[in-house]
Amino acid sequence: ELAHHCSQDGERKNIIAHLQAFLMNDRVLKALKERRPPRATSKPAVLERSSFGIHVTWSPHQDDVDMDPLHYEICWGFRFTGAWSKCMCTEPRHLISELKPATNYQVKVRGYNARGFGP
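Enquirer: Any chance you could break down the sheet that holds strand β4 (residues 84-89) for me, citing the residues and the numbers?
Expert: Strand order in the open sheet formed by 4 strands is β4-β3-β6-β7, and the pairing between neighbours is antiparallel. Lying at the two open borders of the sheet, with one neighbouring strand each, are β4 and β7 (116-117). By the bridge criterion, 6 bridges tie strand β3 (residues 71-77) to β4 in an arrangement that is antiparallel. Paired with I74 across the two strands is C87, which belongs to β4.

Enquirer: So what's going on with the layout of surface pockets? Which residues, and what values?
Expert: Size it by volume and the largest pocket reaches roughly 380 Å³. Lining the largest pocket are 20 residues, with R49, I54, L99, T103 and Y105 positioned closest to its centre. For the lining of the largest pocket, the elements supplying multiple residues, two or more each, are β1 (45-50), β2 (53-57) and β6 (106-113). A per-element tally of the lining of the largest pocket places β1 first, with 4 residues. Classifying every residue of the lining of the largest pocket by side-chain character gives 11 nonpolar, 6 polar and 3 charged.

Reading guide: rules and limits
- Position labels on residues start from 1 in each chain and follow its written sequence.
- The predicted origin of the model limits local features to residues at a pLDDT of at least 70 and limits the giving and counting of side-chain atom pairs to 80 or more, whereas totals for whole chains, interfaces and linings rest on all residues.
- Water and hydrogen atoms were dropped before computing side-chain values, which therefore reflect all heavy atoms in the structure.
- What makes two strands pair is DSSP finding at least two bridges between them.
- Under the scheme used here, helices are H or I runs from DSSP no shorter than 4 residues and strands are E runs no shorter than 2 residues, and both carry numbers assigned from the N terminus.
- Definitions used throughout: a 1 Å grid over protein atoms alone; a cavity as a set of points that fits a 1.4 Å probe which cannot get out; a pocket as an open set with protein on both sides within 12 Å along at least five of seven lines; a lining residue as one with an atom within 4 Å of a point.
- Grid points are joined across faces, edges and corners, and a volume is the space filled by probe spheres set on the points.
- Gly counts as polar in this scheme, as do all residues outside two lists: the nonpolar Ala, Val, Leu, Ile, Met, Phe, Trp, Tyr, Cys and Pro, and the charged Asp, Glu, Lys and Arg.

See the structure below:
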């Protein structure tokens, strides 16, 4: 019985050591410390225009680079009509397709995580 008890104590100490190492991980500490929605992304920029649509790209805020998980909501549409389309993605780029030729669109991007949407 005593040998079994010592074995359990050793296992407990091993588990505690692993948990402490996990919690000291920089990414885990940052995620636990910064329980907040993402900050504002950079403005979306058009990388390429084609007959299929436009490739847009943006950058997360420098304070959000290591934040997990981080998703993005992309909205595009006509500024004054209120007719907007949107989608979610996990990379800081997206192909917006099926756009009308010779039409000006506004594109907005905001980050999203478990704490909500950024600005």
